[in-house]
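# Reading the structure
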Amino acid sequence: MTELDRRLDSLLDGRREKKRFRSLKEYDTTPESGLADFSSNDYLSLTSSASLRKAYLSKLESTPSIFGSTGSRLLSGCTPSHSSLEKRFERFFNSPAALLFNSGWDANVSFFATVPQPNDWVIYDELVHASVHSGVRASRIPIERRLPFNHNDPAHLEKVLKRMQNTASTSKDTSTVFVALESLYSMDGDFSPLPTLLDILENYIPRRRLCVVLDEAHSTGVYGQQGRGITYALGEEGGFDAGDQRRRGKGRVDVRLMTFGKAVGCSGAVLLCSPTVRSFLINFARPLIFSTALPHSTIIALECVWDILQNEEGDQRRQSLMSLAEYIHNRLDQLLSRTPPNILHLPPDPILPFPQATDLPAKPGSPILGLLTPTPHALSAFLLEKGFIVRPVVPPTVPPGAERVRICLRAGMDEKMIDGLIAALTEWVHQQTTPVADLRAKL
Ligand SMILES: Cc1ncc(COP(=O)(O)O)c(C=O)c1O
């Protein structure tokens, strides 16, 4: 062991002691493994779609360039197929401009590290993704101008806005207030009360000084007409100049992030924004400037995925996912109603109901369930023995005290699989609530 390894290892010991040590675990999720995967973000089960596979292979066969893009977007990586996919996204998501990134991580870091200027503000839901935090940390916004508010809590957002007004604003203030939100939060699986938050923001900050950035990583492809996302379904997509004919609805979400690593079943992301923000990122976003652009194989796959999202198969997959979500929520509610919360419970119900819109289900089910438990590793190991892959999530990914296992649904599952998982969870709860002496007597 080198001196460096020795020092690093002693730092890792700290993680081991706190039971926060991370390691890579490989799971065989092929049908032959007999394991049911409740950990994947493949919400629409597109990675196993036979028609997607067929369309992709056939398109690869007939396309001259299928390998790497061979350069950054500023060099050889800006091909007609990259630009044409961006144009497709502009039309599909109704955005004035679209910019591809190699990942959602890169897009969030790029945006927050470069776009806000030193006298701007950033207000963010405390549970926004780590990539937003990393971007903000790398930005030039002073620490005292970075303001979190309690998760999905409109009253606390108001408090934070009042605090900000007291510290800063004069009528001549031209700084921008960036607000970072997610449509569907990845750990609690709950939705943002978006219209309420936007109304509050408008009450405190003039529109011209606001820049709302909504991360739709977990809703891309899943919600809204043909999977256009929650912002679109609510008519809040923005980034247009005043008077732009393409503008629909209120348009109060200025920037949207749609990612391709989850329901879309590929990798990469697209940032939907104004043409000026796009141009600014092309000039200053280091992850975009200094990294090889998405390979042709991914661009081809994304075109094939979008063909499916826009046809009947996409609708069917979204419907299956919604009915499975309803089913598991009902089954879990039954189990949890007779389970002591210190053994297993769901995060508290949302403060506000989900907003209504024509293109959204009246009570949209979430494909993510965070099941809180003080012993996530033990529960995950127990479920694996029973044939279910359900991963533990521990600090620092979630705050201390919010340890959980995270259950993710996929459109290709069936109710029998969910029944199996509920039976295993019931057995676990039973074991935890049965005194040790009773268990011994049974052995
Ligand atoms: C809310 C959210 N935003 C951004 C990302 C990053 O996306 P990607 O996996 O494409 O880097 C993730 C990924 O976990 C996420 O959950």
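Heads up: the structure comes first, above all this text.
Residues numbered from 1 in each chain as written. Predicted model: local features only at pLDDT ≥ 70, side-chain atom pairs only at ≥ 80, totals over all residues. Heavy atoms only, no water.

### Let's talk about the overall build of the chain
Note the cut-off: Starting at the N terminus, helices and strands are each numbered in turn, a helix being any DSSP run of H or I of at least four residues and a strand any DSSP run of E of at least two. For the radius of gyration, the atoms used are the C-alpha atoms, and the globule rule reads 2.2 Å times the number of residues raised to 0.38. Each residue is assigned to one of three classes by its accessible area relative to the maximum for its type, calculated with a 1.4 Å probe on protein chains only: buried under 20%, partly exposed between the two thresholds, exposed over 50%. Here, two residues are considered to be in contact whenever any of their heavy atoms come within 4.5 Å of each other. Note on areas: Shrake-Rupley with a 1.4 Å probe; residue coverage comes only from the protein chains shown. Charged-residue counts in this description rest on Lys and Arg as positive and Asp and Glu as negative, His and the chain ends being excluded. Taken as the charge location is NZ of Lys, CZ of Arg, CG of Asp or CD of Glu.
What the chain contains, in helices and strands, is 15 helices and 12 strands. A compact globule built from 443 residues should have a C-alpha radius of gyration of about 22 Å, and the chain, at 23 Å, falls within 12% of that. Each principal axis of the C-alpha distribution contributes one length, and for the chain these read about 75 × 60 × 60 Å. Residues counted as buried form 51% of the 443 residues belonging to the chain. Summarising the internal contacts of the chain: among those between residues at least 6 apart in sequence, 77% fall at separations of at least 24. Accessible area for the chain stands at about 21200 Å²; split by element, carbon and sulfur atoms hold 53% of it. On the chain, the mean spot of the 50 positive side-chain charges and the mean spot of the 49 negative ones are 4 Å from each other.

### Quick notes on the site of the ligand
Our working definition: Throughout, near means a residue has at least one heavy atom within 4 Å of the molecule or strand. Any N or O atom pair separated by 3.5 Å or less is treated as a polar contact, with the protein-specific requirement of one donor-capable and one acceptor-capable atom, and with residues adjacent in sequence counted only for side-chain atom pairs. Gly counts as polar in this scheme, as do all residues outside two lists: the nonpolar Ala, Val, Leu, Ile, Met, Phe, Trp, Tyr, Cys and Pro, and the charged Asp, Glu, Lys and Arg.
As a matter of local geometry, the ligand sits amid S103, G104, W105, N108, H129, S131, E182, S186, D215, A217, H218 and K262. Contact between the ligand and G104: an oxygen atom at 2.7 Å from a main-chain N or O atom of the residue. Between K262 and the ligand, the recorded distance is 2.8 Å, taken from a side-chain N or O atom to an oxygen atom. If the ligand stood free it would expose 390 Å²; the protein chains cover 80% of that surface. The element contributing the most residues to the shell around the ligand is helix 4 (residues 104–114), with 3 residues. Across the shell around the ligand, the residue classes break down as 2 nonpolar, 7 polar and 3 charged.

Note that all results are geometric; they support no functional claim without further evidence.
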